[in-house]
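# Chain and residue survey
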Amino acid sequence: QVQLVESGGGLVQAGGSLRISCAASGNTYTVNTVGWFRQAPGKEREFVAGIGWDSGTTMYADSVKGRFTISKNNAKNTVDLQMNSLKFEDTAKYYCASLRIGEWKNADDYDTWGQGTQVSVSS
């Protein structure tokens, strides 16, 4: 069993930066990939970024590429998402999730989800 807890969300002005974190506990050795997803009201849950827990390989949605950076700290069992040059359209609740086997961008393949943290960007 893996437990995930997000933190660091808040309100930021457009063009600003914010870092959100995902703390993993439990059987983290079963995790292959940790992904960040976001969901705004009226929209489907959207893949944002992912990182291979062991490999460190990263992947990003086109909408955030060049602005967001995902990173991990294996010793602390944390995965962070550094968000720069934030836009109003980045406003959403952000979730982290762990994946053992499946497609990295498919939310339905992920095994465990955190409760989410709200990121709001003002214009």
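This write-up is about the structure you can find in this document.

Scoring rules and cut-offs
Residues numbered from 1 in each chain as written. Predicted model: local features only at pLDDT ≥ 70, side-chain atom pairs only at ≥ 80, totals over all residues. Heavy atoms only, no water. Pairing = 2+ DSSP bridges. Helix = DSSP H or I, 4+ residues; strand = E, 2+ residues; numbered from the N terminus. Disulfide = S-S within 2.5 Å.

## Side note on the pairing of strand β3 (residues 18–26)
As defined by bridge partners, strand β1 (residues 2–7) adjoins β3 across six bridges and the pair is classed as antiparallel. In the strand pairing of β3, V5 is matched with A23. As defined by bridge partners, β3 adjoins strand β8 (residues 78–83) across six bridges and the pair is classed as antiparallel. Looking at the pairing, R19 lines up with Q82 of β8.

## So, the state of the cysteines
Enumeration according to the criterion identifies one disulfide in this entry. Disulfide partner of C22: C96, at an S-S distance of 2.1 Å. Here C22 and C96 share a disulfide; its torsion about the S-S bond, 65°, makes the bridge right-handed. Residue C22 is located in strand β3, and its partner C96 is located in strand β9 (residues 92–99); the two are separated by 74 residues in the primary sequence.

Nothing here speaks to function; it is geometry throughout.
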